Amino acid sequence: MPHIVDFKNVSTAGLESSPVADAAAGLRANEARYFSTKYNHVFTVSPASEVPEVVDRVNRILREERDIVIGSRPLEATDFEVDGLRMSYVFYESGLSINVMYSIEDGGKRAVGFKLADGMDVPEELAERFKFARQKSKLAGTIRGSYFVIKGEY
């Protein structure tokens, strides 16, 4: 059952099993606020088990582009279109958030972004491959993020 992510009253619902549930909820709320402010889009998520096609798509892109397999269990996911972009998100039990931004138009922006919830270690499968920049967020504390550009067609 999809639910709206409330960025005014941050809730850990759906993320309770994460050892950094509060920070992961803040990270998810930060994304919801961004899409609300920039695109007037209501950010909703579903349990990952209810939207396996979203998780599979993100996993395929990670595997085919960079031979990355995420070890953490996916908890929630979403997929939507806004302003000519297809956005896919997966939120993991470890506190990791992965988003795929994929321009619908040829030649547009296409990238995978990683964000780490405050308090989590960099996942082993990403540690040697990416440098993570820090960003402060009122909702999420310190967010560490990185990305790579997608070269293939998905």
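See the structure printed just above.
In this text the structure is predicted, and so the values were computed from the model without any measurement. (Residues numbered from 1 in each chain as written. Predicted model: local features only at pLDDT ≥ 70, side-chain atom pairs only at ≥ 80, totals over all residues. Heavy atoms only, no water.)

Engineer: Help me out: how do you make sense of the pairing of strand β8 (residues 141-149) in this one?
Structural biologist: It is a general feature of regular strands that their side chains alternate between the two faces of the sheet. Summarising the sheet, strand β6 (residues 110-116) and β8 pair through 6 bridges and their orientation is antiparallel. Across the sheet, the residue bridging to Val112 is Phe148, located in β8. Here strand β7 (residues 133-137) runs beside β8; their pairing, made up of 5 bridges, is antiparallel. The partner of Arg134 across the bridge, within β8, is Arg144. What sits between the antiparallel neighbours β7 and β8 is a turn of 3 residues. (Pairing = 2+ DSSP bridges. Helix = DSSP H or I, 4+ residues; strand = E, 2+ residues; numbered from the N terminus.)

Engineer: Is there a simple way to think about the sheet that holds β7 in this case?
Structural biologist: Backbone-to-backbone hydrogen bonds join strands into a sheet, with any given pair of strands oriented parallel or antiparallel. The 8 strands are arranged β1-β2-β3-β4-β5-β6-β8-β7 in an open sheet whose pairing can be described as antiparallel. Each edge of the open sheet is held by one strand with a lone partner, namely β1 (3-4) and β7. Across the sheet, helix α1 (residues 21-39) lies against β1, β2 (44-47), β3 (74-82), β4 (85-92), β5 (96-103), β6, β7 and β8, angled at about 165 degrees from β4, the strand it touches most. Strand contacts of helix α2 (residues 52-66): β3, β4, β5, β6 and β8, with the helix running at about 95 degrees to β4, the strand carrying the most contacts. (Contact = heavy atoms within 4.5 Å. Axes fitted to C-alpha atoms, helices over the stretch in contact; angles between N-to-C directions.)

Engineer: Which parts of the structure should I look at to understand the nonpolar core?
Structural biologist: One recurring pattern in soluble globular proteins: nonpolar side chains tend to sit buried together. In terms of nonpolar packing, the biggest core is built from 46 residues, with Phe43, Leu62, Leu96, Ile98, Val112 and Phe114 touching the most fellow members. Within the residue set of this core, elements represented by two or more residues are α1, α2, β3, β4, β5, β6 and β8. (Core = buried A, V, L, I, M, F, W, Y, C linked by side-chain atoms within 4.5 Å. Buried < 20%, exposed > 50% of the residue type's maximum accessible area, 1.4 Å probe, protein only.)

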